[in-house]
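One-letter residues, chain by chain:
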Amino acid sequence: MKVDLAEATMNYEALDTGMRDYSPRLHGTLDAVMEPSLDAHINPNLLQGVEMDADGLAVTGPEAVHVTEGMFSELHSVVSEVGVPVTATHFDAQEEMLWMGNHRGHATSFFGSTMGRYSSFQVHATDDIRHIQSLETGVLFLSKCNLKCYTRGGLVMFDYPMEEGADMHSLLMTDNNTLLMGGLQNYVAELDLNTVQETQKFTVEVPGVAIVRQSSRFFFCGHTSGKVTLRDPRTFKTEHRFDAFSGSLSDFDVHGNLLAACGFSSRGLSGLACDRFLMVYDLRMMRAVTPLQVHVDPLFLRFIPTYTSRLAIISQTGQCQFCEPTGLANVADVFHVNTVGQLLMSFDVSSGKRALAFGDSGGCVHLWSDAPDVSFNDYSRETDFALPCLVDTLPQLEWNHDLLPLSLIPMTLTGTEPLLSDWPAALAAPRPRRAPPVDPEILRTMKTVGFIGYAANPRARPRNQVPYKMKDTEQDYDSYSQVPESPIGRDQEPHLYMVPKKYRKVTIKYSKLGLEDFDFKHYNKTLFAGLEPHIPNAYCNCMIQVLYFLEPIRCLVQNHLCQKEFCLACELGFLFHMLDLSRGDPCQASNFLRAFRTIPEASALGLILADSDEQTGKARLGRLIQSWNRFILTQLHQETQEQEGPQAYRGAGGGASGGGGSSSSCPGSSGESAVGKLFGCEVENSSLCRCGQETVRSSLTLLFTMRYPEHNPQEKTVKEYDFAEILKKSICLEQSTQAWCENCDKYQPTVQTRNIRCLPDVLVINCEVNSAKEAEFWKVQAEYAFLKARPKVESGPAVPAEAPPMPSEWCLDGEEDVASSVGGFARPEDLRHTWIPLTLKMSISKSQGLQVSNWPGGDELSAGEEAGEEADGASLYDLVVTVPHVLDARTGGNLVAHIKVGETYHQRKEVGGVEPVCMGAFCLFASTLGRLFFQGVTHQQWYLFNDFLIEPIDKSEAAQFDVSWKVPAVLYYAKRNYHAKYDLRIQKPIDASVLLTEASLARKQRKTHATFIPLMVSEMPQAGDLVGLDAEFVTLNQEEAELRSDGTKSTIKPSQMSVARITCVRGQGPNEGVPFIDDYISTQEQVVDYLTQYSGIKPGDLDAKISSKHLTTLKSTYLKLRFLIDTGVRFVGHGLQKDFRVINLSVLKDQVIDTVYLFHLPRKRMISLRFLAWYFLDLSIQGETHDSIEDARTALQLYRKYLEVSRAGGPDQVRKVLKGLYEKGRQMDWKVPDGDVGDGGGGASPKRAALFPPVAGL
């Protein structure tokens, strides 16, 4: 009889290929096994006595189970997961529980002989469970390359991943804290459960160990080659070997002095066949005794030593035979497990030897025993169960009440007549109720963290209710399929709304040179830095700019530095440093977004978008940016609160005293987060039950959400509201809801109110305009405000406008002076679509509580008002940020920001720069005058930030929201002169210690593999020192391009690169040319192309488990480069512009010496480093692959050569040498000859002399 082991059991799926040729006539294939239909696998006879509920839980039916005492027979059968093979079964050695694991990595436990389901959870996402072992505190689950420990309730205790290439099959507990793991690899691993660390690794012969058993004298290892080896328990050396079968080993067991094994024998040309002779060995004489012939095809066997040393032999088709190992097998001892045509995949015996468990390929677990109330263990501890559901007692029935339903009155059963509800069995067959389908929108947006999926509620139906078929509910306003009608001019069509060009989604046009020839200055004529939009999840660019232009946040994150690898506060600090250095060139937030994608909370909130959602415009950006706003404030609050020690934020209270505030009000106050002080507002939440019980809780909130009044359908028009009125009701929220009352001991209608105790320095508001109803409300209120304000503007006195202030940024020719109307009277059209005020007055008093009112823009509190309002805490709040969602059906929409930029930002950008200043009709070029003028800049200006497009705008435009295409999302109001009490100095948190020796993340990395020597304290670089630099990269996402009809290629989205290796070599001193940084950068993102030919990076180099390189985090290496940049060193390399761009660093031009441009003539091609090294240095580099150490050294030598030529003849000599270089390149077609360099043959370079002193080796 032939059996396909590859499909029979997970223990032998990777056996010899010759065993895969058996006929499937006995067992079929796993494809049929995996069919999810219930009827195809469950025999109706099997379900007699077993009922199935919707969760697959076995419920004892009305028929009793009859088990003959002393004889094994089937007690219960339970379906765990229909159609999924049960690959492992195990009786818990501590409690009365039976465990099973299936082919899809799911584990389920059943309690007692009644097989009631106890727990069920996912162990592994893809691999099958191959072995289960119970412990005192938990349960071990072994899969192909992973060992996990869970509590019996399903909580993870530890997760131990194996080495790459592992194929584990079995484990063995050698003592309470040590186990052995064997599989189809050339070693057996020993693991310490206390430390969850590998303690030893024993080498075994190929193909490895599939089964491990133990006795007091030996470890027994079963091999798929048919051998059983006996090994010393201390050294694991082979003491004896039994060649049991010529084909392969199926199973074996040890008891006392006997070892019994079953397996497969070779049958010549017909391949392997199941051997019906069991091999029995006497362990006292170490020899075989008479083989035992059985009447079934054995696949599993176990000793069941109750009265005698009986053997249980199990076949794959469900036949079971009991016999003595030294006697003759009797046909009468053969029993059959009713598997309904399925194959047995697993088998186990309880520790008490009175219960057997079988798992089949149809998902069923069969429990056999010799007693109806069998106990799995002799001494089991009590099992903890969940608390039972407490049900209220039944209410008292009033018999005389006329409206009392008669069905509530219990009636006694009389007579023997059957009840009407007793349906015949033919009409009452058990049929599991199908669960309602999950909303496809939930499945599409679901993000998985571990084995739990998180998705935003699409609000397609009421919570916990399934509605009848009703007409389609109102679509969300964020869907671009339709735009709500305007309350004025309802005959307008949605497609006629025109989005101004500056608000449209901007894209980068890529050419052969990438971004080098793209004109960013066309989109940004200021000196502020935009952000590039092509990076995944770059929708938050506008909010990054918002945080940057809040001065306390800018200083806070740049002073923040911690040891956490993915810290958003640290990454924001690095990014803001780049924005400070940039003078109009765009930056990219790649490192920040990379850290953002690793935050589990961001994934759970649905903030991480798929590329398809961003490109197709399916993302609901309005809701998304408001959720992102709440998330980033909370995350920064937590991360800056955790910061401790000398690298904490340096406020006015620490170190030297700073002007403008006491230590108690500075952001660095101990025990208080600067984010919490800036945005935080202490809130008092009160819940009042109708019984009079009131509960008050205090909390800190960082932002508020707008709540709009419900419109009465009976009223034809929407009531007029003031923005300040709606804001006050949203802050001091009052609502009625069901809540738990401790006094009533049940859920009761409660009135919940919220009050604030203090005012924040910056008031953050999420507008929540997410549907057509809220958009309609904004439109109507804006029209009310316009109709009220227009007569005042039109009838105002004809006073000439004040002289426009000097623009706060250097302007180019032809730029419109957008600030000309600032300070004068607003035009009537400027008030259209404007509901929010530019200034609010807010105060808190004990008598009146919170008071919010509009305040005329530009006015200050008078001396009398200040004196009168000081006690009430009155403050003026100016609008500083608005973030609208731009609806554009053609591009899918985008997010922009209007930001009021303060004078300090203008001063930093302008001082020291020489740019043309536009004053009316003439331009003035005067660096000296410009410096003197802008030292006293006091002007504030509104700007539009649309990724890399930055444009000055009028203040009225920032407050205008034509919700037909421009929907408000986020508002920021800042207390006037709030930043005066903050210490806005930026210290340098990065010191020289980052360059000292650090441990590698790689487990296999040793000192013998070191490729660099760290800097000594005496070698610390100084300003102007040379450092050779080179970096290698890998590809995370491939380039997306399209082929035009004329055959040219157009790049839609460039490939996303990630830095994989960074090398820095000394540029001077006795160790010149010796690397002091050679870091391989660990990445948690999937690499699609290692670019080994160009980078030298191989698969595995970036994996901490198997890499032998010096592996570090990106943040660690980034800090080293930042320290070198801040020190003022000069970097020498080839193509450094691209290197710094991918690393995400901004370096001043006078700190970069790029050999690409040193050896380049205008309007000529760029020359490769390999050709330059061959031509000038007589060196052959980059033969088979690139090496960053070699490239950095070569760049240094080329720079030395350039200096030599320049000193010899000046610029004319350099131009002459470069002309010769280009002439030789054209002759050689820019290819380096294959001959040995310097051999005097045709492959030699024109320069033969030694041009550079020898570089010291390691």
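Now for a quick tour of the structure. (Residues numbered from 1 in each chain as written. Predicted model: local features only at pLDDT ≥ 70, side-chain atom pairs only at ≥ 80, totals over all residues. Heavy atoms only, no water.)

1. Focus on the overall build of the protein chain
Now for step 1: Helix and strand counts for the protein chain stand at 23 helices and 58 strands.
Now for step 2: With 1258 residues in all, the protein chain has 50% of them scored as buried.
Now for step 3: Intrachain contacts of the protein chain at a sequence separation of at least 6 include 63% that bridge at least 24 residues. (Helix = DSSP H or I, 4+ residues; strand = E, 2+ residues; numbered from the N terminus. Buried < 20%, exposed > 50% of the residue type's maximum accessible area, 1.4 Å probe, protein only. Contact = heavy atoms within 4.5 Å.)

2. Focus on empty space enclosed by the protein
Now for step 1: In this structure the tally under the stated criterion is 10 cavities of 30 Å³ or more.
Now for step 2: Empty space within the second largest cavity amounts to approximately 70 Å³.
Now for step 3: Those elements that place two or more of their residues in the lining of the second largest cavity are helix 7 (590-597) and helix 19 (1114-1127).
Now for step 4: For the lining of the second largest cavity, the element with the highest residue contribution is helix 7, accounting for three residues. (1 Å grid on protein atoms, 1.4 Å probe; cavity = no way out; pocket = protein on both sides within 12 Å on 5 of 7 lines; lining within 4 Å. Points joined across faces, edges and corners; volume = space filled by probe spheres on them.)

3. Examining the pattern of salt bridges
Now for step 1: This structure, assessed with the given rule, holds 44 salt bridges.
Now for step 2: In this structure, Glu-95 and Arg-152 form a salt bridge, with 3.9 Å as the shortest nitrogen-oxygen distance. Placement of Glu-95 in the loop between strand 4 (86-91) and strand 5 (97-102) and of Arg-152 in the loop between strand 10 (146-150) and strand 11 (156-161) is noted, with a sequence separation of 57 residues between them. Of the two residues examined, Glu-95 and Arg-152, each falls in the buried class.
Now for step 3: By sharing partners, the salt bridges in this structure join Asp-92, Glu-95, Glu-136, Arg-152 and Arg-381 into a single network. (Salt bridge = Lys/Arg side-chain N within 4 Å of Asp/Glu carboxyl O.)

4. Examining the nonpolar core
Now for step 1: Counting residues in hydrophobic clusters, the biggest one holds 106 residues, and the most contacted among them are Tyr-539, Trp-628, Phe-679 and Tyr-972.
Now for step 2: Take this core: its biggest share by element is nine residues, from helix 6 (residues 568-581).
Now for step 3: Leave out the neighbours within four places in its chain, and Trp-628 touches Tyr-539, Cys-540, Met-543, Ile-544, Phe-592, Phe-596 and Leu-607.
Now for step 4: Judged by nonpolar contacts, the second largest core, of 55 residues, contains Ile-508, Phe-518, Val-683 and Val-967. (Core = buried A, V, L, I, M, F, W, Y, C linked by side-chain atoms within 4.5 Å.)

5. A look at unusual backbone geometry
Now for step 1: For the peptide bond that leads from Val-206 to Pro-207, omega is 15 degrees, which places it in the cis range.
Now for step 2: As for its placement among the helices and strands, Pro-207 is situated in the loop between strand 15 (197-203) and strand 16 (211-214).
Now for step 3: Phi is positive for Met-286, which is not a glycine, with a value near 55 degrees.
Now for step 4: Note that Met-286 resides in the loop between strand 23 (277-282) and strand 24 (287-288).

6. Observations concerning the sheet that holds strand 13 (residues 178-183)
Now for step 1: Spatially, four strands are ordered 12-13-14-15 in an open sheet, and the strand pairing comes out antiparallel. Because the sheet does not close on itself, it has two edges, and the strands there are strand 12 (168-173) and strand 15. Taken pair by pair, the neighbouring strands of this sheet meet at an average axis angle of 25 degrees, ignoring direction.
Now for step 2: Of the pairings in the sheet, the one linking strand 13 to strand 14 (residues 187-192) comprises four bridges and is antiparallel in character. Counterpart to Leu-180 in the pairing with strand 14 is Glu-190. (Pairing = 2+ DSSP bridges. Axes fitted to C-alpha atoms, helices over the stretch in contact; angles between N-to-C directions.)

7. Description of the pairing of strand 54 (residues 1056-1066)
Now for step 1: The element strand 54 is largely enclosed, with a buried count of 10 among its 11 residues.
Now for step 2: Bridge analysis of strand 51 (residues 1026-1037) against strand 54 gives 10 bridges, and the strand direction is antiparallel. From the neighbouring strand, Ala-1031 faces strand 54, where its bridge partner is Ile-1062.
Now for step 3: Looking at chain direction, strand 54 and strand 55 (residues 1075-1081) are connected through five bridges and run antiparallel. Residue pairing across strands places Cys-1064 opposite Ile-1077, the latter belonging to strand 55.

8. Side note on the packing of helix 5 (residues 551-559) against helix 6
Now for step 1: Here helix 5 crosses helix 6 at 115 degrees, and the two axes come no closer than 7 Å. Taken together, the axes of helix 5 and helix 6 are roughly perpendicular relative to one another. Here helix 5 runs over helix 6; the crossing is left-handed. The residues of helix 6 that touch helix 5, namely those facing Ile-553, Arg-554, Val-557 and Gln-558, are Ala-569, Leu-572, Gly-573, Phe-576, His-577 and Asp-580.
Now for step 2: Here the residues of the contact of helix 5 with helix 6 are counted per class, giving five nonpolar, three polar and two charged. (Parallel < 35°, antiparallel > 145°, perpendicular 65-115°, else oblique. Left-handed = near helix turned anticlockwise from the far one by under 90°. Nonpolar A, V, L, I, M, F, W, Y, C, P; charged D, E, K, R; others polar.)

9. A few points about the side chain of Glu-1032
Now for step 1: In this fold, Glu-1032 is placed in strand 51.
Now for step 2: Among buried Asp, Glu, Lys and Arg side chains, Glu-1032 stands out as unpaired, with Arg-1061 the closest opposite charge at 6.0 Å. (Lys, Arg positive; Asp, Glu negative; His and termini not counted.)

10. A few points about the pairing of strand 40 (residues 762-766)
Now for step 1: Among the five residues of strand 40, five are classified as buried, and the element is accordingly described as predominantly covered.
Now for step 2: Burial of the side chains of strand 40 extends over both faces: Val-762, Val-764 and Asn-766 are buried on one face and Leu-763 and Ile-765 on the other.
Now for step 3: Pairing geometry for strand 40 and strand 50 (residues 966-975), over five bridges, is antiparallel. Directly across from Leu-763, in strand 50, lies its bridge partner Tyr-973.

11. A word on helix 23 (residues 1188-1228)
Now for step 1: For helix 23, which comprises 41 residues, the first-to-last C-alpha distance of 26 Å sits more than 12% below the rise-based estimate of 60 Å (1.5 Å per residue).
Now for step 2: The principal kink in helix 23, of about 120 degrees, is found at Gly-1210, preceding the proline Pro-1211 by one to four residues.
Now for step 3: Looking at the residues trailing helix 23, positive phi occurs at Asp-1229, about 55 degrees. (Expected span 1.5 Å × (residues − 1). Bend = angle between axes of the 7 residues up to and from the residue.)

12. Describing the sheet that holds strand 30 (residues 344-349)
Now for step 1: Ordered in space as 3-32-31-30, the four strands form an open sheet in which the pairing is antiparallel. Whereas interior strands pair on both sides, the edge strands pair on one side only; in this sheet they are strand 3 (73-79) and strand 30. Each adjacent strand pair in this sheet contributes to an overall mean axis angle of 20 degrees, direction not counted.
Now for step 2: Pairing analysis gives five bridges linking strand 31 (residues 355-360) to strand 32 (residues 364-369), with the strands arranged antiparallel. Looking at strand 32, one finds that Ala-355 is bridged to Ser-369.

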